Amino acid sequence: MKHLPKHLRPRWRYLAVGLESWPDAAIGRRAFQRALWYSAGNLLGDAGSADADLTLLSFAHADGTGEAVVRARHGHVDEARAAVACVSEVDGEPVGTLVRGISGTVRACEERYMGRATASSTQRDVAFGGSERPAVVRGDACDVETESDRVGATTFDTE
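Residues numbered from 1 in each chain as written. Predicted model: local features only at pLDDT ≥ 70, side-chain atom pairs only at ≥ 80, totals over all residues. Heavy atoms only, no water.

Going by what an unreviewed UniProt entry lists, the chain is known as Ribonuclease P protein component 2 and is assigned to Halorubrum coriense DSM 10284. Checking UniProt for the chain, the heading Sequence similarities (unreviewed entry) contains the comment "Belongs to the eukaryotic/archaeal RNase P protein component 2 family." Of the chain, the UniProt comment under Function (unreviewed entry) reads exactly: "Part of ribonuclease P, a protein complex that generates mature tRNA molecules by cleaving their 5'-ends." (UniProt positions renumbered as here; feature names shortened; annotations may be inferred.)

Novice: Explain the overall build of the chain to me, please; I cannot follow it from the model alone.
Specialist: Looking only at helices and strands, the chain features 4 helices and 9 strands. In the chain, the order of α-helices and β-strands from amino to carboxyl end is β-α-β-β-α-β-β-α-β-β-β-β-α. Within the span of the chain, comprising 159 residues, buried residues form 36% of the whole. Long-range pairs, those at least 24 residues apart, make up 59% of the contacts in the chain with a sequence separation of at least 6. Looking at the chain as shown, the accessible area adds up to about 9,500 Å², and 49% of this sits on carbon and sulfur atoms. (Helix = DSSP H or I, 4+ residues; strand = E, 2+ residues; numbered from the N terminus. Buried < 20%, exposed > 50% of the residue type's maximum accessible area, 1.4 Å probe, protein only. Contact = heavy atoms within 4.5 Å. Areas by Shrake-Rupley, 256 points an atom, 1.4 Å probe, with all protein chains shown as cover.)

Novice: Is there a simple way to think about the sheet that holds strand 5 (residues 93-103) in this case?
Specialist: Within a sheet, adjacent strands bond to each other through the backbone by hydrogen bonds, running parallel or antiparallel. An order of 2-3-1-5-4 is seen for the 5 strands of this open sheet, with the pairing classed as antiparallel. This sheet does not close on itself; its edge strands, each paired only once, are strand 2 (55-62) and strand 4 (89-90). With 7 bridges joining them, strand 2 and strand 3 (residues 65-73) adopt antiparallel strand pairing. Note on strand 3: the bridge partner recorded for His-61 is Gly-66. Docked against the sheet, helix 2 (residues 77-85) engages strand 1 (12-21), strand 3 and strand 5, running at close to 155 degrees with respect to strand 5. Its contacts with the sheet put helix 3 (residues 106-113) on strand 1, strand 2, strand 3 and strand 5, and the angle it makes with strand 5 is roughly 110 degrees. (Pairing = 2+ DSSP bridges. Axes fitted to C-alpha atoms, helices over the stretch in contact; angles between N-to-C directions.)

Novice: Explain the pairing of strand 5 to me, please; I cannot follow it from the model alone.
Specialist: Two faces belong to every sheet, and in a regular strand the side chains alternate between them. When strand 1 meets strand 5, the two strands line up antiparallel, connected through 8 bridges. Across the sheet, Tyr-14 pairs through a bridge with Ser-103, a residue of strand 5. In terms of strand pairing, strand 4 meets strand 5 through 2 bridges, oriented antiparallel. The partner of Glu-89 across the bridge, within strand 5, is Pro-94. Between the end of strand 4 and the start of strand 5, which pair antiparallel, lie 2 residues, with Asp-91 showing a positive phi angle near 50 degrees.

Novice: Would you explain unusual backbone geometry in this entry?
Specialist: Trans is the common state for peptide bonds, and a negative phi is the common state for residues other than glycine. With a phi angle near 55 degrees, Asp-63 is a residue other than glycine that sits in the positive phi range. According to the relative accessible area criterion, Asp-63 is exposed, its value standing at 51%. Positive phi is not limited to glycine here, since Asp-91 has a value of about 50 degrees. Tracing the backbone shows Asp-91 in the loop between strand 4 and strand 5.

Novice: Mind showing me how you'd approach the nonpolar core here?
Specialist: By size, the foremost hydrophobic cluster in this structure holds 24 residues, and its most contacted members are Leu-15, Val-17, Phe-32, Leu-54, Phe-59, Val-70 and Val-90. Of all the elements in the fold, those that place two or more residues in this core are strand 1, helix 1 (29-52), strand 2, strand 3, helix 2 and strand 5. Per element, the largest residue contribution to this core is 6 residues, and it comes from helix 1. Val-17 has contacts with Gly-66, Glu-67, Ala-68, Val-70, Val-84, Thr-97, Leu-98 and Val-99, leaving out every residue within four places of it along the chain. Of all hydrophobic cores here, the second largest spans 7 residues; its members include Trp-12, Tyr-14, Cys-109 and Tyr-113. (Core = buried A, V, L, I, M, F, W, Y, C linked by side-chain atoms within 4.5 Å.)

This is the structure in structure tokens:
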């Protein structure tokens with residue numbers, strides 16, 4: 001069977017997606033792909049999600065931060081951005097997503113938009129709510145442990 005000519009092949013766009021979660025959250029590639037498909041199906045319907053054809057090409061997540069490359073059809077970039085924004089949890093773990101940028105090739109996507117989530121995190125005690133509490137600090141963001149749960153804070157909140 002012959003290949004399709006170049007003008008008849010589908011065109012793709014690649015979304016660089018940043019991920020943020022609690023530091024001890026274990027989020028896997030398959031679980032994120034499933035959450036992405038589920039949110040696309042709920043938002044766009046079966047036919048719309050099939051047209052957008054969202055596919056996870058690369059995925060990395062550790063210490064509460066991560067990044068992914070999501071492939072979408074050329075004419076469905078807005079729908080893909082909306083579906084990525086609708087992902088709020090993966091396997092019961094709350095997740096924040098951010099589309100860092102869109103590119104026409106995987107290489108350009110990785111060179112322009114990936115690698116920004118390499119900030120190191122440190123474990124230390126911070127003053128929050130009138131007492132010292134353990135926290136994980138990543139740049140300007142702090143995840144402070146309270147008696148019942150964790151609280152996301154900035155460095156201004158902890159001083």
